[in-house]
Amino acid sequence: MKIVADIDLYQVEALFSHFGELVLLPGREITNHHVLDADALIVRSTTLVSEELLKGTSVKFVATATSGTDHVHLDYLSANGITFADAKGSNANAVTDYCFAAISEFYGHKGLNDLKPNVGIIGNGMIGNRLAKKIKALGWNVLINDPLQSDFKSKIGSETSYYSLEEIAQCNIISVHVPLTCSGLYATENLLGKKFFRALPQNAIVINTSRGGVIDEDVLIDMTREREDLIMVIDVWNNEPKCNEALIELVAIATPHIAGYSGRAKANGVLQILRAFSDFFGLDIDPSCVFDSKIDAFVELPPTKDCADAMRNVFPIIDISSRFKKSVAKGQNFDGNDSFDNLRKSLVTRAEYCEYTMPGFALEDAARFLSAAGFRN
């Protein structure tokens, strides 16, 4: 058996090398030539899996160790009898950590018991749903927008209340968690336009960790200039890794598609596709015997002054943003280690909040916020 895989997949050599010939390549450099006689292709979001890549090859199984699948031409795989697997939900906790890190930078210094912001979540899949549950644990009001889910569940009944984008635009915090779809009744490309951003309340926070094309970048630039009060937190970009420099400079927090990056998420993702791989090829293996991704011990947080400081000790989102911004800014000192891909690689072992216990002296409102975010009591 021949397997072609992204060299940056977590523990890929340890997990897949004993099944046959394993060819490891940078994801952006995998071409048709490399997979001509391959049986399986295992990628991340950096590889476009298309007819151009797979035509005339012997590939029978394709997997992506990601939740998103917009980089995979699923119709082509289906039409050509190629089995597909993804790692949906594997990074849900890491993404919610990112959202809490961003929120804490703007709310974590305040008396949290006095705050009751409305939080709008666009997309109620595994990530959006998990974030909603954590936000509700704070006692904050959550509004969900998911037209596809709403239309489906209206036929069978649902306890979830769904809201329009116009209603979501009245929220103080908005977090986007939808797949990028460019056609059909529920297309999400350029989902949020100028009308939406102009309707937002003063000092609203908008977080996009889904895909760059969900919000038109020209609209984001215009709105950031028009409404300097808006707090834009952007992790995903069109044409990655060649990101929009003007937009990166303007937004409050800019990061290189790392919301779902953590050691735990990467382990979860690769284990999911290993299970799918073994099922497809009829291999009798127990992934947990090959690689154990469970958390064995918790790390206690050092003394901190507030929620933002506590979270920054685990996930310094402002520092990451600063490094990323400097790396793409023209005329400034460029550090290749902080480029899009290299900065991502450096964060692949990032810890999640659930791997830490909170400081015992945390004030009641701070402890409640940290607990909702995932820190252990």
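In this report, we go over the structure that sits alongside the text. (Residues numbered from 1 in each chain as written. Predicted model: local features only at pLDDT ≥ 70, side-chain atom pairs only at ≥ 80, totals over all residues. Heavy atoms only, no water.)

A look at the packing of helix 5 (residues 92–107) against helix 17 (residues 364–373)
Stage number 1. Helix 17 packs onto helix 5 with a crossing angle of 155° between their chain directions and a minimal axis gap of 10 Å. Overall, the two elements helix 5 and helix 17 adopt an arrangement that is roughly antiparallel. Facing helix 5, whose interface residues are Asp 97, Phe 100, Ile 103 and Ser 104, helix 17 presents Phe 369, Ala 372 and Ala 373. (Axes fitted to C-alpha atoms, helices over the stretch in contact; angles between N-to-C directions. Helix = DSSP H or I, 4+ residues; strand = E, 2+ residues; numbered from the N terminus. Parallel < 35°, antiparallel > 145°, perpendicular 65-115°, else oblique. Contact = heavy atoms within 4.5 Å.)

Description of unusual backbone geometry
Stage number 1. Of note, the amide linkage connecting Glu 240 to Pro 241 takes the cis form, showing an omega dihedral of 10°.
Stage number 2. Tracing the sequence through the fold places Pro 241 in the loop between strand 10 (231–234) and helix 11 (245–250).
Stage number 3. Located in the positive-phi region is Asn 203, a residue other than glycine, with phi close to 60°.
Stage number 4. A relative accessible area of 43% places Asn 203 in the partly exposed class.
Stage number 5. A positive phi is found at His 257, a non-glycine position, where the angle reads about 55°.
Stage number 6. Relative to the helices and strands, His 257 is located in the loop between strand 11 (253–254) and helix 12 (263–280). (Buried < 20%, exposed > 50% of the residue type's maximum accessible area, 1.4 Å probe, protein only.)

A look at the environment of Asn 342
Stage number 1. Within the element layout of this structure, Asn 342 appears in helix 16 (residues 340–346).
Stage number 2. Judged by its relative accessible area of 32%, Asn 342 falls in the partly exposed class.
Stage number 3. Considered as a pair, Asn 342 and Pro 256 are 86 residues apart in the sequence and their alpha carbons are 9.6 Å apart.

Side note on the layout of surface pockets
Stage number 1. Each pocket or cavity is described by its volume, and for the largest pocket that value is around 1,000 Å³.
Stage number 2. Lining the largest pocket are 47 residues, with Gly 68, His 177, Val 178, Pro 179 and Leu 180 positioned closest to its centre.
Stage number 3. Those elements that place two or more of their residues in the lining of the largest pocket are helix 6 (126–136), helix 7 (147–156) and helix 12.
Stage number 4. Broken down by class, the residue content of the lining of the largest pocket amounts to 18 nonpolar, 22 polar and 7 charged.
Stage number 5. Size it by volume and the second largest pocket reaches roughly 610 Å³. (1 Å grid on protein atoms, 1.4 Å probe; cavity = no way out; pocket = protein on both sides within 12 Å on 5 of 7 lines; lining within 4 Å. Points joined across faces, edges and corners; volume = space filled by probe spheres on them. Nonpolar A, V, L, I, M, F, W, Y, C, P; charged D, E, K, R; others polar.)

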